[in-house]
Amino acid sequence: MKKIISLILCAVLLCCMALPAFAADGKCGCGFSPIIYVGALGCTPIVRDAGTENEQMLWKIDTDFLLSNLKEVLPQISKALLTRNTQQLGDALVAFINASFGDLALDSEGRSKENVTTPELSVPRGSNHGPDSDYYFNYDFRLDPFEHADRLHAFIAQVKALTGHDSVKLKCSSMGGVVLSAYLEKYGYDGIDVIICRCSPLHGTAVAGEAFCGKVELNSTSLTRYGEDAIPFLETGAADDFLEGTLYALLDVLKGAGVIDGLCALGDKLIRDVGDQVYQEALIPIFGSLPGIWSFVPEEYFEEAVGFMHLPSSGGLHDKVFAYRNAMANIGDTLKAAARDGVKICLICGYNVQRTPLVTLWKSTSDGTVDTKYASLGATCGNVKEPLDDAYLCSLDNRTYLSPDHMIDASTCALPECTWFVRDWLHCNGNAGIDALFNLVMTSDEVNVHAFADFPQFLEADDDADTVYPVTGAPDAFERLKNHPSWLNFIRFLFSIIKSVFKNF
Ligand SMILES: [Zn+2]
């Protein structure tokens, strides 16, 4: 008995001695590994001649800079419009785009001009970590995603050293998912315990694919809907509801009166007249030289885009653009392997928001910017505002992953158990309800679409209440008004009746 007691005492003593050693070896015992937030496109300013008197912010673009460039070409544009001189109009537009965006272009090796830099790149500092703080990782969105992956690798090592943790959580917003894809392709998921992707174009976005194939057109229905869907997210202050409702009504009246159709026809004529020149002399040389933008081109557009955008057939730029194709192709399988090895994964994407009204594929359901099918790695989706067609629904044997509004079937996703969908959620818009889901993902042992009672796979965003609710059925203007009485919802209800009576309104 004495022997046992002395053994236990020895064990206790050893444990006590181990405690200071545990602290002394720099390990943190808080149980919550640090969060690294990988920002979205435009997460850091791109500056020309930084630190000199000629310093000019190129991205996010400075409105005064844009206006001064526009002022330069306005006389030429007015003259061209009056004399119907399309060559002169094209010249003026090319001059404007080149003056505003030209210095963003990279060279044939995919390198920036030396005087165009990102002076505010982040470096991890301090050891403060926990559910409410993160280390912010930003990057120059134009460059090769693998360059960011290398920086992120060093960044993660620094964060681990600063905090005394062996792993980190990666929370990626929009283009942050592109950086993640390149990172996982090159470095794997060792030392990562949570991966969150918020509205990330993991398989690209149709707007980039179509724009890089020259498929640009204006469509009045999509333009009106785009405006309508963005209205609830306007920051209009105290008069919020009234202004939002009034704008909604105004948009619908303009559409009904044919004004928006007229504007689109004018826009389409402009694209036909000068589109080719603007592409050849401005858009292709600038945006076609950015591997970061190439990373948004979905696989089905890629080959055509390579031809249309005159991507060089060899050299640094070519190699960088092509290297990312592997990362994009492999991301689904890599995430599946990570999930099998215990990494907690949450992909979350918006749906039922009208997408950017400039492309032919305007019916693709999205968060307004990224198509739901690409952000979710393969969900089968109905057209925006429409359910999946009856033949598809009838053919489904298993409805576990079918949304209650019948708009999304998540069973075809790479990770149906780890992919959430939020109806009417505008791209990357802040929402306290979604943040609460992220907190659960980061603190729970079990993470999947059945694990959290308040957060099933299909959610609906309520921007006014700053939260999300489980989707229970198809969106209906009367239900929405009844549940959330507001001027905006009243106007929506009113126009839904008008539209059902006058089908072509
Ligand atoms: Zn800790």
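Everything below is about the structure printed above this text.
All of these numbers come straight from a predicted model, not from anything done at the bench.

Colleague: Give a detailed account of the overall build of the chain, specifying residues and quantitative values.
Modeller: When helices and strands are counted, the chain shows 17 helices and 13 strands. Relative to a compact globule of 505 residues, whose C-alpha radius of gyration would be 23 Å, the chain shows 26 Å and is just as compact. Overall, the chain is about 105 × 60 × 45 Å in size when its C-alpha atoms are taken along their principal axes. By residue count, 49% of the 505 residues in the chain fall in the buried class. By sequence separation, contacts in the chain at least 24 residues apart represent 72% of the contacts at least 6 residues apart. As presented, the chain carries roughly 23300 Å² of accessible surface, and 58% of it is formed by carbon and sulfur atoms. In the chain, 39 side chains carry a positive charge and 65 a negative one; their mean positions are 1 Å apart.

Colleague: Just give me the short version of the packing of aromatic side chains, but keep the residues and values in it.
Modeller: In the structure shown here, the tally under the stated rule is twelve aromatic pairs. Seen from their ring centres, Trp59 and Phe141 are 5.0 Å apart, and the 50° between their planes marks the pair as tilted. On the criterion of sequence distance, the pair formed by Trp59 in strand β3 (residues 56-59) and Phe141 in the loop between β5 (134-137) and α4 (145-163) is long-range, its members being 82 residues apart. Overall, the relative accessible area of 3% leaves Phe141 in the buried class. Taking the centre distance of 5.1 Å and the plane angle of 80° together, the rings of Tyr279 and Phe308 count as edge-to-face. Within this pair, whereas Tyr279 is found in helix α9 (residues 259-287), its partner Phe308 is found in helix α11 (residues 299-308), the two being separated by 29 residues in sequence. On the accessibility criterion, Phe308 (27% relative accessible area) is partly exposed. Ring pairs connect the aromatic residues Trp59, Phe101, Phe141 and Phe287, which therefore count as one cluster.

Colleague: Any details on the pattern of salt bridges? Residues and values, ideally.
Modeller: Here the idea is simple: oppositely charged side chains can pair when their charged atoms come close. Counted under the stated rule, the structure contains 15 salt bridges. Notably, a salt bridge pairs Asp150 with Lys186, separated by 2.8 Å at the nearest N-O pair. With Asp150 in helix α4 and Lys186 in helix α5 (residues 176-187), this pair connects stretches of sequence that are 36 residues apart. Residue classification places Asp150 among the partly exposed residues on the basis of a relative accessible area of 32%. Overlapping salt bridges bring together Arg48, Asp103 and Lys113 as one network.

Colleague: Kindly report on the layout of surface pockets, identifying the contributing residues and their values.
Modeller: Over the atoms a probe the size of a water molecule is rolled, and this reveals where empty space is left. Looking at the largest pocket, its volume works out to about 1700 Å³. Around the largest pocket sit 40 residues that line it, and Val207, Ala211, Leu283, Phe287 and Leu358 are the ones nearest its centre. Breaking the lining of the largest pocket down by element, the ones donating at least two residues are α3 (86-101), α6 (206-211), α7 (220-230) and α9. Considering each element in turn, the lining of the largest pocket owes the most residues, nine residues, to α9.

Colleague: Before we move on, can you summarise the packing of α4 against α5 with the specific residues and values?
Modeller: Packing of α4 against α5 brings their axes to within 8 Å, and their N-to-C directions diverge by 75°. With respect to α5, the axis of α4 lies roughly perpendicular. Every residue of α5 that contacts α4 at Pro145, Phe146, His148, Ala149, Asp150, Leu152, His153 and Ile156 is listed here: Val178, Val179, Ala182, Tyr183, Glu185, Lys186 and Tyr187. Across the contact of α4 with α5, the residue classes break down as ten nonpolar, two polar and three charged.

Colleague: Tell me what's going on with the environment of Lys373, and back it up with residues and numbers.
Modeller: Summarising the element assignment, Lys373 is placed in helix α13 (residues 372-375). Expressed as a C-alpha distance, the spacing of Lys373 and His203, which sit 170 residues apart in the sequence, is 8.3 Å.

Colleague: Could you give an account of the environment of Glu479, with specific residues and numbers?
Modeller: As for its placement among the helices and strands, Glu479 is situated in helix α16 (residues 477-483). The exposure class of Glu479 is partly exposed, given its relative accessible area of 36%.

Colleague: Tell me about unusual backbone geometry, and please be specific about residues and values.
Modeller: Working note: non-glycine residues mostly have negative phi, and peptide bonds are mostly trans. Omega for the bond connecting Trp59 with Lys60 falls within 30 degrees of zero, at -5°, which places this linkage in the cis form. Summarising the element assignment, Lys60 is placed in the loop between β3 and α2 (63-83). The phi dihedral of Leu377 falls on the positive side, at around 55°, and the residue is not glycine. Take Leu377: it is sitting in the loop between α13 and β9 (380-381). Even without glycine at this site, Asp424 takes up a positive phi of about 60°. Position of Asp424 among the secondary structure elements: in the loop between β11 (419-423) and α15 (432-443).

Colleague: Can you break down the sheet that holds β3 residue by residue, with the values?
Modeller: Spatially, the three strands line up as an open sheet ordered β3-β2-β4, and their pairing is antiparallel. Strands at the two margins of the open sheet, each flanked by one partner only, are β3 and β4 (116-117).

Colleague: Before we move on, can you summarise the nonpolar core with the specific residues and values?
Modeller: Across soluble globular proteins, you tend to see nonpolar side chains buried next to one another. Within the largest apolar cluster, 81 residues are counted, with the highest numbers of intra-cluster contacts made by Ile36, Leu184, Ile195, Trp294, Leu335 and Ile345. Looking at this core element by element, the count peaks at nine residues for helix α12 (residues 316-340). Apart from the residues lying within four places of it in its own chain, the contact partners of Ile345 are Ile195, Leu335, Ala338, Ala339, Leu415, Cys418, Trp420 and Val447. Formed by 23 residues, the second largest nonpolar core is a distinct cluster that contains Ile35, Ile196, Val422 and Val449.

Colleague: For the pairing of strand β7 (residues 192-198), give the residues involved together with the corresponding values.
Modeller: Here β7 lies mainly inside the structure; seven of its seven residues are buried. Both strand β6 (residues 168-173) and β7 contribute to a ladder of six bridges, which runs parallel. Residue pairing for β7: Lys171 is matched across the bridge by Ile196. Taken together, β6, α5 and β7 form a β-α-β motif whose crossover is right-handed. Note that β7 and strand β8 (residues 344-351) share five bridges and pair parallel.

Colleague: Any details on the pairing of β6? Residues and values, ideally.
Modeller: Burial within β6 is extensive, with six of its six residues counted as buried. Residues Val168, Leu170 and Cys172 line one face of β6 and the alternating positions Lys169, Lys171 and Ser173 line the opposite face, and both faces are buried. Both strand β1 (residues 35-38) and β6 contribute to a ladder of four bridges, which runs parallel. Note that in β6 the partner of Ile35 across the bridge is Lys169.

The rules we used
- Residues numbered from 1 in each chain as written.
- Predicted model: local features only at pLDDT ≥ 70, side-chain atom pairs only at ≥ 80, totals over all residues.
- Heavy atoms only, no water.
- Helix = DSSP H or I, 4+ residues; strand = E, 2+ residues; numbered from the N terminus.
- Rg over C-alpha atoms; globule rule 2.2 N^0.38 Å.
- Buried < 20%, exposed > 50% of the residue type's maximum accessible area, 1.4 Å probe, protein only.
- Contact = heavy atoms within 4.5 Å.
- Areas by Shrake-Rupley, 256 points an atom, 1.4 Å probe, with all protein chains shown as cover.
- Lys, Arg positive; Asp, Glu negative; His and termini not counted.
- Charge placed at Lys NZ, Arg CZ, Asp CG, Glu CD.
- Phe/Tyr/Trp six-rings, centres within 6.5 Å; stacked < 30°, edge-to-face > 60°.
- Salt bridge = Lys/Arg side-chain N within 4 Å of Asp/Glu carboxyl O.
- 1 Å grid on protein atoms, 1.4 Å probe; cavity = no way out; pocket = protein on both sides within 12 Å on 5 of 7 lines; lining within 4 Å.
- Points joined across faces, edges and corners; volume = space filled by probe spheres on them.
- Axes fitted to C-alpha atoms, helices over the stretch in contact; angles between N-to-C directions.
- Parallel < 35°, antiparallel > 145°, perpendicular 65-115°, else oblique.
- Nonpolar A, V, L, I, M, F, W, Y, C, P; charged D, E, K, R; others polar.
- Pairing = 2+ DSSP bridges.
- Core = buried A, V, L, I, M, F, W, Y, C linked by side-chain atoms within 4.5 Å.
- Right-handed = clockwise from strand over helix to strand, strands pointing away.

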